[in-house]
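Spelled out, the chains give:
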Amino acid sequence: MQDIVFLLDVDNTLLDFDGVLDDLRRRLVDDLGPVGAERYWRGFEELRDELGYTDYLGALQRYRLGGPGADMSDPRLLRMSSFLLDYPFAERLYPGALQVIAHLQRFGLPVILSDGDAVFQPRKVQRSGLWQAVDGRVLIYIHKELMLDAVQERYPARRYVMIDDKPRILSAMKAGWGERLTTVFPRQGQYALAPQALAGHPAPDITIERIIEMRQWPIL
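Quantities reported herein were computed from a predicted structural model and do not represent experimental measurements.

Cut-offs used in this document
Residues numbered from 1 in each chain as written. Predicted model: local features only at pLDDT ≥ 70, side-chain atom pairs only at ≥ 80, totals over all residues. Heavy atoms only, no water. pLDDT = per-residue confidence, 0-100. Helix = DSSP H or I, 4+ residues; strand = E, 2+ residues; numbered from the N terminus. Core = buried A, V, L, I, M, F, W, Y, C linked by side-chain atoms within 4.5 Å. Buried < 20%, exposed > 50% of the residue type's maximum accessible area, 1.4 Å probe, protein only. Contact = heavy atoms within 4.5 Å. Axes fitted to C-alpha atoms, helices over the stretch in contact; angles between N-to-C directions. Parallel < 35°, antiparallel > 145°, perpendicular 65-115°, else oblique. Left-handed = near helix turned anticlockwise from the far one by under 90°. Nonpolar A, V, L, I, M, F, W, Y, C, P; charged D, E, K, R; others polar.

(A) Looking closely at the confidence of the model for the chain. Averaged over every residue, the pLDDT of the chain is 92; the share at 70 or more is 96%. By mean pLDDT, the top-scoring element of the chain is helix 6 (residues 130-133) (98), and the lowest-scoring one is helix 9 (residues 189-193) (82).

(B) Summary view of the nonpolar core. By size, the foremost hydrophobic cluster in this structure holds 46 residues, and its most contacted members are Leu24, Tyr40, Tyr56 and Met214. The set of elements that each furnish at least two residues to this core consists of strand 1 (2-8), helix 1 (17-51), helix 2 (56-65), helix 3 (75-85), helix 4 (97-104), helix 5 (120-128), strand 4 (157-163) and strand 6 (206-208). When residues of this core are assigned to their parent elements, the largest contribution, nine residues, is made by helix 1. Among residues more than four places away in sequence, those in contact with Tyr40 are Leu24, Leu28, Tyr56, Ala59, Leu60 and Tyr63. In this structure, Val5, Val111, Leu139 and Met162 belong to the second largest nonpolar core, which totals 20 residues.

(C) Representation of the packing of helix 1 against helix 3. At a minimum axis distance of 10 Å, the contact between helix 1 and helix 3 shows a crossing angle of 165°. Our classification of the angle between helix 1 and helix 3 gives roughly antiparallel. The two elements helix 1 and helix 3 meet at a crossing, and its hand is right-handed. Together, Asp23, Leu24, Arg27, Leu28, Asp31 and Leu32 of helix 1 and Arg76, Leu77, Arg79, Met80, Phe83 and Leu84 of helix 3 make up the contact between the two elements. Here the contact of helix 1 with helix 3 is built from residues that sort into seven nonpolar, no polar and five charged.

Next up, the structure:
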């Protein structure tokens, strides 16, 4: 059993996924045009409602199969899938993200704990360098806040630290683990900076402005 396990979210915690989305939006308009881009995002939202998680590649497949003007042989769709799978995610890591992981390893066991699908999300973690940084200790669930028993079974510890940009996730995990969990809220990305981000949720144990501030652990 570890004394402490650091659980690190990926999107907008270690990696600037808002920046990735900006690039994707521009690429969709460039390749598919404004109407095609709108259709992609409409299918994306429909798929998220059905599945309960985001599926960017699945939304491409939905675009390919349905709707007026759909063309299964359109090479632009193949280029879009390559754009997503081969995106240079390492260039989108927040400054100091890898150094933070190396620093935390001095005090406990860093583990990636993320939500996402079974193809694009692990690809993102691999191509960003995060997979290697945590020596393959990567957990990806549909709703990670509901998987606390599975996390404990795989990485038992006396204490946990969850670092995530979504107060909703931190609050749910705190309710499950209580004082065994220290919650850290980096105020990065669209969800963390939204005016209503903390509405209805208890304040996180620790709030930081940038992930690089975790290099101050354990004096935060």
